[in-house]
Every structure is written in C-alpha cells, then in structure tokens.
Amino acid sequence: MSSYSIFLVLFGAYIFFLIATGYYFNRRQKTVRDFLLAGKSAGTFSIGFSAAASWLTAGAMLAVIGFFILLGMGSVWGFVAPNIIALLIIALLVKKIRSIPAMTQPELLEIRYGSFIRTPVAMIIIVVMILFAVADIKGFAMVLQIFYGISNLQAALIVGLSVAVYVTLGGLSAVIASDTVQFLCLSFFVLIFSVLVMGNGAETSSQAISTMVTTTGADWWNPLSIGLPMVLIFSVAIIPGWITEQDPWQKVWAARDSRSARNGMLFGSLLVTLVFGGCAFIALGLRNIYPDIAAAGFPMGMAQAEPALLHFIVSQNYSDIIVALCAVALAAAAMSCADTFAASGASCVARDIYQRLFHPAASMSEMMLVNRLSVLLIIACATIGSFLIDSIIDAIHIATFIASASYFFALMGGMYWKGGTAAGAGASMCTGFLSQCAFVAYDLFNTLPGAPPALEAVHPILMGHGVIVAMAVSGLVYFSVSLVTAPSPTFRLAPFFADEGKVLAAAAPQNNFPEPVFPREMTITERIEEDQIYLRAQVILPRDLTWQSIVNLIPQGFAHWIVFSGQDSIRRCTEAEIQSCVSFTCGETVQKGYLEIEGYGRPVHELKRELARAYDEIMQSAEAPH
C-alpha cells in the first residue's frame, strides 16, 4: 500500500468518526437554539478546547513557526499574543455578552440599532469567515503537497468536503465536540515534534539542548525586540478584530452558564499559550537545522520558513504510517478552524439573511436546511479563495482588519455606550469597511513580491494594510454622528443597560390577574443545572393562524410583547433583564412555536407561572377578531 493510500485510510477513519459525531448530535436537536448554540449546554472544558482549537489552524501554526525562526519572540505580537489576549478579554466580557438575547452578532446589532444594519454586518462576517477558512484550506494544501505531491485543487477538495459533511449534520454541537479531539491531535503533534526537532537541532549543531537554548541571541528571546511602538501598533491593529470575531461569541452564548463561558475562555487561552510555546521550541530547533533560512531574514525568508517543519518531517525518512499520522494531525488542526468558521458564517446566512429578509416565518427544519447548504457554500468559496491569496497569514490578517475597521465601534460602543445611535453605527461601518478595503486593495496591487507592504513603506502607522487609520476614521465617525443624531429608543437600549430594562419592565402589566394554567396535554421540558433553569414548551397554533399572523397579533393586545429582531421570535418583556423574559420562537412548522424561559436562582414554579401567563396571552391573541 502506498504512503498516500495509508493516509487516505487513516483520514477516512477520522472523517467517519466526525460524521458519526455529527449524526449523533443531529438526532438530539429540536430547535434552532440547539443547532446554532449547541442547546446552551457546553461546559468549561468543551468551551476551552473549542476556543483553543478554533484559533490553532495548521496554516497559522506553520506561519507562526516561520515567524519564530526569522524574528524570534518579538514576532508574537503579529499573531500569538493577540490570540491569547483576545480570549482573556472575551472572558471579561462574558456576562455582558450572555445578557443579550441574540444568537449572532448581526442579530445583536439589530436589537441595538434597528433592522437596517443586520444584513450588511452579516455580509461582512460571512466574508471574514470565508477568508479565515481560506487560511485553513491553504495550510492543509501545503501539507499534502509537500508530503504527497498532490495538487492544490485535490488538497483543497479533501479538507473542504470533509468539513462540509460533518458540520452540516450536527451544527455547533458537532463543532465543539470534534474540536476537543482535533485540539488533542494537534497538541500531541506539537509536543512530539518539539522534542524531536530540538534533539535533531542539538545534534546538527553539535551542542547540548541547554547550550543551544542559552547561546541563542538575547534578541531572539526578547518579546519587545521589535520595539514598544511596533508592539502597540500590532496590538491596536489585530486585537480589536479578534475580540469582536463572531465564533468565540457564539461559544459564549453556547455555554451552559456565565461561569462555564468565562472559565472556558481562560482555559482556552492557556491551551493556546502551551501550543504556541511548543511551536517556539520547534522553531528554535529548525533555526539550527536550517541556518540559511534564519539568515535570510524577514520577509525574504518567509517562503522557506513556513514549510520548514514539513520539509524536516520528509527529510527524516519516517515510516509511511508516521507521515500519515502527521498529516492527519495537521488535517485536524485545519479542520478545527474551518468547521468553526463555516458554522459561524452559515448561521449568518441562515438566520440573518434568509430568515430575516426572505422567509421570516421559516420553520426550524427549513432553517437547518439553509444552514447546511450555507456551510457548503462557504467552504466552496474558501476553496476558490485558497487559489487567489498567496500568504496564509495575510489571509488571516486581512479578515481581521476588515472586521476591526467595519464594526468594532458599532458593536462595542453599542454594548457599553447609551449614546451610540443607529446613524452613527451605520456611518461608522460604511466608512470603516470602504476605507479598509481600499487600503487592502492598494497593498495587494502595489506590493512587490518579497518586499514589505507598499503602505508600510509610506509610514509605519499604515502597517497592517492601514487598519489603524481605517479604525480611527471609523471610531471618529461613530462618536461624531452619534452625538448629533437622535438617541436610541428605550426598547433598543433595554437589553443592554439594566436601568433602561427596568423602565421597559415597569410598563408591563402587574401580576394581579388570576393564576394561569397550562393545558393538561402540554409538556414542559426542563433542564436544571445548579442555579440555572431552562424551560421549554411547544405551542400548537389554531389551524386558521400561521406563525407570521400570530406574531403580528400578539403586540396589538399586549404591548409588552416586543419583536426585537425579525419575525422569528417575540419576547414578553416583564423583567428588567430581557434575557430572563419569556420568548416565543418559531418551531418546526409555521403552525408550531416554542415558549422558552431561562432563570438564574429563581424557583421553577415561578418560571412555569411566567410560561403559563405567556401562553394565556398568546391564546387570547389567537382568539381575538382578526
């Protein structure tokens, strides 16, 4: 059996495992919440492993090793440190993020500003997720080309189709479960090769490992070797985009509670640190094995530094099965990111574009079908994009910079500043997106091969495709326009600010009416974990009513029912914390819906009473003349 055939057998077994995982979770999903947010049941370790695996792609890992070879520890500010810092900052934002009743960032922004902003943001996020997936597919294609000499197209199709199959089956639950396995594969690979490469490097240079470490120049070990100004520029250019990246936010929403989400992000940052630490030792060994690459410097040596580890593996004449296992481990790294980006982008297509614009009353089964088709579309676009973008790290940076300049201020300003307005957010997003795209286009068309970016040659402040300037323009526009336009209404502010939530809840009717009861035939699904309670009950609408009509009827008789974002759900706003209020969401068909409520530290009977009151008001609306 040929070496490539052995790889295909092992890879096929791995894919079968992933498909079985997707099928398992597919059978357990009853609602869109289950599919897009893993039923909000993920624990600390699941969140941590998934958060780490989602930012440890094979391509990025090879690029990081290349940076370490050429620039030493000073290169951490171009990729490694922003990854770790972003996860730590997201951990601090967990409570705020989870308090907002959204499943995607475009939906969150519609809740805050209005419907006009949702589609443009969704489009930007889809583009960003495709660019991130490009880096994953391109990195794995490099692995297969060097190990087995297969074409770019064949390599891209292998990883693209594999990801598409299992993500379409199981949604975010499958992604989180498979990410744990994929992270373990990658971390084991890095651990083994950090030992092997360091040992070989010491043998090549005729030094003990301890001597090789201590004799490496002090500049190589200095994380500030690039200078404090460049550290600040890199941080401002990259960290905002990764703080506001959608996929870790979805994992925060998918956690069973705030503590699990926060600890998961902290655990994820630790795991990322350990893996990239191993990459640093691999790079140190490769510097001694391939001194000519290190001597070439940056950026001229990057083309040889990125695949240096792969060439080392080939040069060692390992057995075919060892090489195949290495390829599968790197495939796992590529897929652990590609699946996350595909699932995150697909949720925007299904929920923020299809359901919001074309079919507001889409049933859960229709939504899941569109989501699965969207995964295929995103993977296909990323596969095509992998032939158009040369640099792995550049694809990641371009995606990050577009996100930072486009909606960082609209998103973070909207969550923490009451003064932010819809006009300010829209203007900021347009100017940031257009200016950043213009800067990227200028760099791509005017930079010579192997030379520093054209904009960076103009002035260091324009490094990173001019993202700092684009962000400054975006921020200035957001605050300036917001200050001179009408403030946001109370119901737009209530999900984000507790005092505004109290104002909205005060307008709801007081609980001085007869005790409501559920019909005997209605079943309430309960999930109770420590002090967190989740209840769900299915509602069958009268035959003469569809989902669309009942959503229009309820607010006519009960003004405290509010549609925050689209016609797929409506919320009964009787509590200051909007996330704790009863929501009514479209079910499998247009004749079905789900009443849902989450509570923290509240008695179960009290939450059931809230569900019963909501059901009573829905039935009154259905019986009213229409």
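What you see is a predicted model, and the numbers here were worked out from it, not measured in a lab. (Residues numbered from 1 in each chain as written. Predicted model: local features only at pLDDT ≥ 70, side-chain atom pairs only at ≥ 80, totals over all residues. Heavy atoms only, no water.)

A. Up close: the overall build of the chain. Each helix and strand in the chain was counted, giving 26 helices and six strands. Relative to its 626 residues, the chain shows a buried fraction of 60%. A sequence separation of at least 24 residues applies to 80% of the contacts in the chain between residues at least 6 apart. About 23,400 Å² of surface is accessible on the chain, with carbon and sulfur atoms providing 66% of the total. (Helix = DSSP H or I, 4+ residues; strand = E, 2+ residues; numbered from the N terminus. Buried < 20%, exposed > 50% of the residue type's maximum accessible area, 1.4 Å probe, protein only. Contact = heavy atoms within 4.5 Å. Areas by Shrake-Rupley, 256 points an atom, 1.4 Å probe, with all protein chains shown as cover.)

B. Structural view of the environment of Thr244. In this structure, Thr244 sits in the loop between α11 (228-243) and α12 (246-254). Along the primary structure Thr244 and Gln105 are separated by 139 residues, whereas in three dimensions their C-alpha atoms are 8.8 Å apart. When neighbours within four sequence positions are excluded, Thr244 is seen to be in contact with Gln105, Trp249, Tyr407, Phe408, Leu411 and Met412. Of note is the side chain of Thr244, whose polar atom sits 2.8 Å from the backbone oxygen of Pro240. (Polar contact = N/O pair within 3.5 Å; in protein donor to acceptor, adjacent residues only side chain to side chain.)

C. Spatial organisation of the pattern of salt bridges. Applying the stated criterion across every chain yields a total of eight salt bridges. Residue Arg572 is joined to Glu617 by a salt bridge in which the shortest nitrogen-to-oxygen separation is 2.9 Å. Taken together, the residues span a long stretch of sequence, with Arg572 in strand β4 (residues 569-572) and Glu617 in helix α26 (residues 604-623) at a distance of 45 residues. The same class applies to Arg572 and to Glu617, which are both buried. Here the residues in one salt-bridge network are Arg572, Glu610, Arg613 and Glu617, joined through shared partners. (Salt bridge = Lys/Arg side-chain N within 4 Å of Asp/Glu carboxyl O.)

D. Region of interest: the packing of helix α6 (residues 105-113) against helix α7 (residues 118-148). Put simply, α6 and α7 touch, their axes get as near as 8 Å, and they point 155 degrees apart. Our classification of the angle between α6 and α7 gives roughly antiparallel. Handedness of the crossing formed by α6 with α7: right-handed. Across from Gln105, Pro106, Glu107, Leu109 and Glu110 in α6, the residues of α7 making contact are Arg118, Val121, Ala122 and Ile125. In terms of residue class, the contact of α6 with α7 is made up of five nonpolar, one polar and three charged. (Axes fitted to C-alpha atoms, helices over the stretch in contact; angles between N-to-C directions. Parallel < 35°, antiparallel > 145°, perpendicular 65-115°, else oblique. Left-handed = near helix turned anticlockwise from the far one by under 90°. Nonpolar A, V, L, I, M, F, W, Y, C, P; charged D, E, K, R; others polar.)

E. Quick peek at the sheet that holds strand β5 (residues 582-586). In spatial order, the strands read β1-β2-β6-β5-β4-β3; together these six strands make up an open sheet with antiparallel pairing. Looking at which strands have only one partner, the edges of the open sheet turn out to be β1 (524-529) and β3 (561-562). Note: β3 against β4, two bridges, orientation antiparallel. By the bridge assignment for β4, Trp561 is matched with Arg572. (Pairing = 2+ DSSP bridges.)

F. How the structure looks around unusual backbone geometry. Even without being a glycine, Asn317 presents a positive backbone phi close to 55 degrees. Here Asn317 shows up in the loop between α16 (308-315) and α17 (320-358).

G. Structural view of a nonpolar patch on the surface. Taken together, Leu153, Leu157, Leu161, Ile384, Phe387 and Leu388 make up a surface patch of nonpolar side chains, about 620 Å² in accessible area. Tracing the backbone through its elements, the reader meets Leu153 in helix α8 (residues 152-204). (Patch = residues over 30% accessible without salt bridge, like charges linked within 9 Å, V, L, I, M, F, W, Y side chains within 5 Å.)

H. Region of the structure containing the packing of α7 against α16. Running from N to C, α7 and α16 cross one another at 25 degrees; their axes reach a closest spacing of 10 Å. Overall, the two elements α7 and α16 adopt an arrangement that is roughly parallel. For the pair α7 and α16, the sense of crossing is right-handed. Along the contact surface, α7 presents Met142, Val143, Ile146 and Phe147, while α16 presents Leu310, His311, Ile313 and Val314. Among the residues forming the contact of α7 with α16, the class breakdown is seven nonpolar, one polar and no charged.

I. Looking closely at empty space enclosed by the protein. Per the counting criterion, the structure on display carries seven cavities of 30 Å³ or more. Put simply, the second largest cavity is a space of about 100 Å³. Trp55, Phe79, Phe132, Phe341 and Ile396 are the residues nearest the centre of the second largest cavity, which is lined by 14 residues in total. Secondary-structure elements contributing two or more residues to the lining of the second largest cavity are α7 and α17. Grouping the amino acids of the lining of the second largest cavity by side-chain chemistry returns nine nonpolar, three polar and two charged. (1 Å grid on protein atoms, 1.4 Å probe; cavity = no way out; pocket = protein on both sides within 12 Å on 5 of 7 lines; lining within 4 Å. Points joined across faces, edges and corners; volume = space filled by probe spheres on them.)

J. Fine view of helix α20 (residues 422-446). Between its first and last C-alpha atoms α20 spans 36 Å; for 25 residues at 1.5 Å apiece the expected length is 36 Å, and the two agree. Of all the positions in α20, only Gly424, Ala425, Gly426, Ser428, Met429, Gly432, Ser435, Gln436, Val440 and Asp443 are classed as buried. (Expected span 1.5 Å × (residues − 1).)

K. Just the pairing of strand β2 (residues 532-540), in detail. For β2, the buried fraction is high: seven of the nine residues fall into the buried class. With six bridges connecting them, β1 and β2 associate as antiparallel partners. Residue pairing across strands places Arg527 opposite Tyr534, the latter belonging to β2. Across nine bridges, β2 lies against strand β6 (residues 592-600) in antiparallel orientation. Residue Gln532 lies in a different strand from β6, and its bridge partner there is Tyr600.

L. Structural detail: the packing of aromatic side chains. Tallied over the full model, the rule gives 20 aromatic pairs. For the ring pair Phe409 and Phe479, a centre distance of 6.2 Å and an interplane angle of 75 degrees mean the geometry is edge-to-face. One end of the pair, Phe409, is in helix α19 (residues 392-416); the other, Phe479, is in helix α22 (residues 467-483), with 70 residues separating them in the sequence. For the ring pair Tyr478 and Phe479, a centre distance of 5.2 Å and an interplane angle of 75 degrees mean the geometry is edge-to-face. The exposure class assigned to Tyr478 is buried, which follows from its relative accessible area of 0%. (Phe/Tyr/Trp six-rings, centres within 6.5 Å; stacked < 30°, edge-to-face > 60°.)

M. Broad picture of the side chain of Ser621. By secondary structure assignment, the location of Ser621 is in helix α26. Excluding residues that lie within four positions of it along the chain, Ser621 makes contacts with Ile550, Leu553, Ile554 and Phe558.

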